[in-house]
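# Analysis of the macromolecular model
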Amino acid sequence: MPSVFENTIRKYQSTFHPVVPVDPAKDKLLLLDFTEKNTELTSNIISDTASFSAYINRKLQAADCRLGIGGYNEHRTVYNRSALFDAAVPGEEPRRLHIGTDIWGAAGTPVYAFMGGMVHSFAFNDHFGDYGATMILLHQLDGLPFYTLYGHVSLKDIQKLSSGQYISIGQKIAHFGEPAENGHWPPHLHFQIILDMELKEGDYPGVCKYSERQKYLGNCPDPELILQLKRYTKKP
């Protein structure tokens, strides 16, 4: 049964501005898989940012796609590349379940506000495997507040922000960041919906333990409700 949030979002879906530019007449987004089913994505590729970036680019070029997409509710092997996602105590459960959607493409790809809102917070989460430059916006629909997180963006995009700053629908708010500023990942946008920020600022987990799946998926609904990009996807 759809939640109150889902029903509210669906009510306004037709008014949303695209988060990334897509030409419906010619663009297809490649659906990328980072689970253990993807056996061609070896540990050597995952551990090296240049090799990982080259892999993404090869997949996009081979499929004649400008952008790749995927990841929500996906149990990923790629988080082996960073100790950031490992358990604090050896032997305990690591974080491996992705709770946002990733859109992969060239560094510098613009990112737009799907609706109006204000800047909640921002930060440079500069650790290997982290978000890098990150911004979080606060929105409200029919009196229902919620947040959207934009991870792995360009550092210059958050340097001009201030908390409480108003954002207009369709405003260019960010760009896909280079690896040196995006947590050392191949260029992409991590887009996530968050209902309760739990008093966090400039950061919120984008990956959780599988055992905490129900809690985090409940607080972070499917980004497709806003992105509406599945209609353009192309399987490998």
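First, a word on what this report is: a plain description of the structure on this page. Residue positions are counted from 1 within each chain, in the order its sequence is given. Confidence filtering applies because this is a predicted model: local features only for residues at pLDDT of at least 70, side-chain atom pairs given and counted only at 80 or more, and all residues used for totals across whole chains, interfaces and linings. In computing side-chain properties, one takes all heavy atoms of the structure into account and sets aside hydrogens as well as water.

### Structural notes on the environment of Ala133
Spelled out, the test is: A run of H or I in DSSP becomes a helix once it reaches four residues, and a run of E becomes a strand once it reaches two; helices and strands are each numbered from the N terminus. Every residue pair with non-hydrogen atoms within 4.5 Å of one another is taken to be in contact.
Tracing the backbone through its elements, the reader meets Ala133 in strand β8 (residues 132-141). When the C-alpha atoms of Ala133 and Ala123 are compared, they prove to be 6.0 Å apart, with 10 residues separating the residues in sequence. Those residues in contact with Ala133 that sit more than four places away from it in its chain are Ala123, Phe124, Tyr150, Gly151, His152, Val153, Ser154, Leu155, Ile158 and Glu181.

### Quick word on the sheet that holds strand β1 (residues 29-31)
As a reminder, the rule being used: A pair of strands is labelled paired if DSSP reports no fewer than 2 bridges between them. Angles shown run from 0 to 180 degrees and are taken between the N-to-C directions of axes, each axis being a line fitted to C-alpha atoms and, for helices, limited to the stretch in contact.
Ordered in space as β10-β7-β8-β9-β12-β5-β2-β1-β14, the nine strands form an open sheet in which the pairing is mixed. Edge positions in the open sheet fall to β10 (166-167) and β14 (233-234), since each of these has one partner strand only. Judged from the three bridges that link them, strand β2 (residues 67-70) and strand β5 (residues 101-104) form a sheet pairing that is antiparallel. Residue Gly70 lies in a different strand from β5, and its bridge partner there is Asp102. Against the sheet, helix α1 (residues 4-12) contacts β8, β9 (144-153) and β12 (188-194), and its axis sits at roughly 75 degrees relative to β9.

### Looking at the pattern of salt bridges
Spelled out, the test is: Within this document, salt bridges are pairs made up of a side-chain nitrogen of Lys or Arg and a carboxyl oxygen of Asp or Glu, the two lying within 4 Å of each other. A simple rule labels every residue: compare its accessible area, found with a 1.4 Å probe on the protein chains alone, to the largest value its type can have, and call it buried under 20%, exposed over 50%, or partly exposed in between.
Following the criterion strictly, the structure yields six salt bridges and no others. In this structure, Glu40 engages Lys59 in a salt bridge whose closest nitrogen and oxygen atoms are separated by 2.7 Å. Linking Glu40 in the loop between β1 and α2 (43-47) with Lys59 in helix α3 (residues 49-62), this pair joins segments that are 19 residues apart in sequence. On the basis of relative accessible area, Glu40 is assigned to the partly exposed category, the value being 40%. One salt bridge connects Lys200 with Glu198, and the closest N-O pair in it is separated by 3.4 Å. Connected through salt bridges with shared partners, the residues Glu74, Arg76 and Asp102 form a single ionic network.

### Quick notes on the environment of Leu97
Among the structural elements, Leu97 can be located in strand β4 (residues 97-98). Taking relative accessible area as the criterion, Leu97 reaches 1% and is therefore assigned buried. In this structure the C-alpha to C-alpha distance between Leu97 and Ile69, which are 28 residues apart in sequence, comes to 16 Å. Dropping the residues within four chain positions of it, Leu97 is found in contact with Asn73, Glu74, His75, Gly206, Val207, Cys208, Tyr210 and Arg213.

### Describing α3
For the record, the criterion: To estimate how far a helix should reach, multiply one less than its number of residues by 1.5 Å. The arc in question is formed by the directions pointing from the helix axis toward the C-beta atoms.
Spanning 14 residues, α3 covers 20 Å between terminal C-alpha atoms, matching the ideal 20 Å at 1.5 Å per step. Among the residues of α3, Thr49, Phe52, Ser53, Tyr55, Ile56 and Leu60 are the ones counted as buried. On an axial view of α3, the arc spanned by its buried residues comes to 155 degrees, and they lie on one face. Opposite the buried face of α3, at more than 90 degrees from it, the exposed residues are Ala50, Gln61 and Ala62.

### Regarding the sheet that holds strand β3 (residues 74-75)
Judged by pairing direction, the sheet is antiparallel, and its three strands sit side by side in the order β3-β4-β13 without closing on themselves. The sheet terminates laterally at β3 and β13 (207-208), the two strands that pair on one side only. Note: β3 against β4, two bridges, orientation antiparallel. Paired with His75 across the bridge in β4 is Leu97.

### A look at the pairing of β12
Most of β12 sits inside the fold, with seven of its seven residues counted as buried. Neither face of β12 is open: one carries His188, His190, Gln192 and Ile194, the other Leu189, Phe191 and Ile193, and all of them are buried. Note that β5 and β12 share four bridges and pair antiparallel. Among the inter-strand pairings, Asp102 is bridged to a residue of β12, identified as His190.

### Digging into the packing of aromatic side chains
Under the convention used in this document: Any two rings among Phe, Tyr and Trp, with Trp reduced to its six-membered ring, count as a pair given centres within 6.5 Å; such a pair is stacked if its planes are under 30 degrees apart, edge-to-face if over 60, and tilted if neither.
Applying the stated criterion across every chain yields a total of 10 aromatic pairs. Geometrically, the ring pair formed by Phe5 and Phe146 is edge-to-face, given 5.2 Å between the ring centres and 75 degrees between the ring planes. On the criterion of sequence distance, the pair formed by Phe5 in helix α1 and Phe146 in strand β9 is long-range, its members being 141 residues apart. A residue is classified by how much of its surface remains accessible, and Phe5, at 6% relative accessible area, is buried. A centroid spacing of 5.8 Å and a plane angle of 85 degrees characterise the contact between Phe34 and Phe52, whose relative ring orientation is edge-to-face.

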